[in-house]
Amino acid sequence: MKLRTGVATADTEYGIVLLDERSGDYWQLNPTGALAVRRLLAGDTPEQAAAALAAEFDVTADQALADVRALLEQLRAARLVAS
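Just so it is clear, the structure is predicted and the values come from calculations on it, not from any experiment. (Residues numbered from 1 in each chain as written. Predicted model: local features only at pLDDT ≥ 70, side-chain atom pairs only at ≥ 80, totals over all residues. Heavy atoms only, no water.)

**Let's talk about the overall build of the protein**
Part 1: Along the protein, the regular secondary structure elements total three helices and three strands.
Part 2: N-terminal to C-terminal, the α/β element order of the protein is β-β-β-α-α-α.
Part 3: Against the 2.2 N^0.38 benchmark of 12 Å for 83 residues, the protein shows a C-alpha radius of gyration of 12 Å, consistent with a compact globule.
Part 4: For the protein, the residues scored as buried account for 33% of the 83 residues in total.
Part 5: Put simply, of all contacts in the protein between residues at least 6 apart along the chain, 33% involve residues at least 24 apart.
Part 6: With the model as given, the accessible surface of the protein reaches about 5,100 Å², and the carbon-plus-sulfur share is 49%. (Helix = DSSP H or I, 4+ residues; strand = E, 2+ residues; numbered from the N terminus. Rg over C-alpha atoms; globule rule 2.2 N^0.38 Å. Buried < 20%, exposed > 50% of the residue type's maximum accessible area, 1.4 Å probe, protein only. Contact = heavy atoms within 4.5 Å. Areas by Shrake-Rupley, 256 points an atom, 1.4 Å probe, with all protein chains shown as cover.)

See below:
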C-alpha cells in the first residue's frame with residue numbers, strides 16, 4: 001500500500017493520524033488501525049498485517065484479516081491511498 005501524494009501521517013500517543021493536506025480532513029486511527037497501516041506501508045500484504053495484529057492483540061486471524069481488508073476499503077473510499 002502507498003499513500004496518495006498529499007497525505008501525511010503523524011504518530012500520536014493513541015495511534016496514528018492520516019492528514020489529507022488538500023482538504024484538511026484527518027483520520028485518527030486507534031492502535032490496531034495504526035499497526036495495520038504501518039505494516040501495510042512497510043510493504044506487508046493484508047495477510048501479513050493481519051498476522052501481526054493477531055499476534056499483538058486479542059483477535060483471531062480471521063477477524064484480523066477482515067478488519068485489515070475493511071480498513072483498506074475505507075482508505076480507498078476516502079481516496080487516501082494510491083495503491
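From this point, the discussion proceeds with the structure in view.
**Brief notes about the pattern of salt bridges**
Part 1: Going through the model one piece at a time under the given rule, you end up with five salt bridges.
Part 2: As a salt-bridge pair, Asp20 and Arg4 come within 2.7 Å of each other at their nearest N and O atoms. In this pair, Asp20 is assigned in strand β2 (residues 16–20) and Arg4 in the segment before β1 (7–11), connecting sequence segments 16 residues apart. For the pair Asp20 and Arg4, a shared accessibility class is recorded, and that class is buried.
Part 3: Between Arg76 and Glu73 there is a salt bridge whose closest N-O contact spans 3.2 Å. On the criterion of helical spacing, the pair formed by Arg76 and Glu73 is a turn pair, its members being three residues apart in helix α3 (residues 61–77). (Salt bridge = Lys/Arg side-chain N within 4 Å of Asp/Glu carboxyl O.)

**Digging into the pairing of β1**
Each regular strand shows side chains that alternate between the opposite faces of the sheet.
Part 1: Sheet analysis places β1 next to β2, joined by five bridges and oriented antiparallel. Considered in β2, the bridge of Val7 is made with Asp20.
Part 2: Joining the antiparallel neighbours β1 and β2 is a turn of four residues. (Pairing = 2+ DSSP bridges.)

**Here we look at helix α2 (residues 46–56)**
Part 1: Residues of α2 that are buried: Ala49, Ala50, Ala52 and Leu53. Buried residues in α2, looked at end-on, bunch into an arc of 160°, giving them a common side. (Arc of directions from axis to C-beta.)

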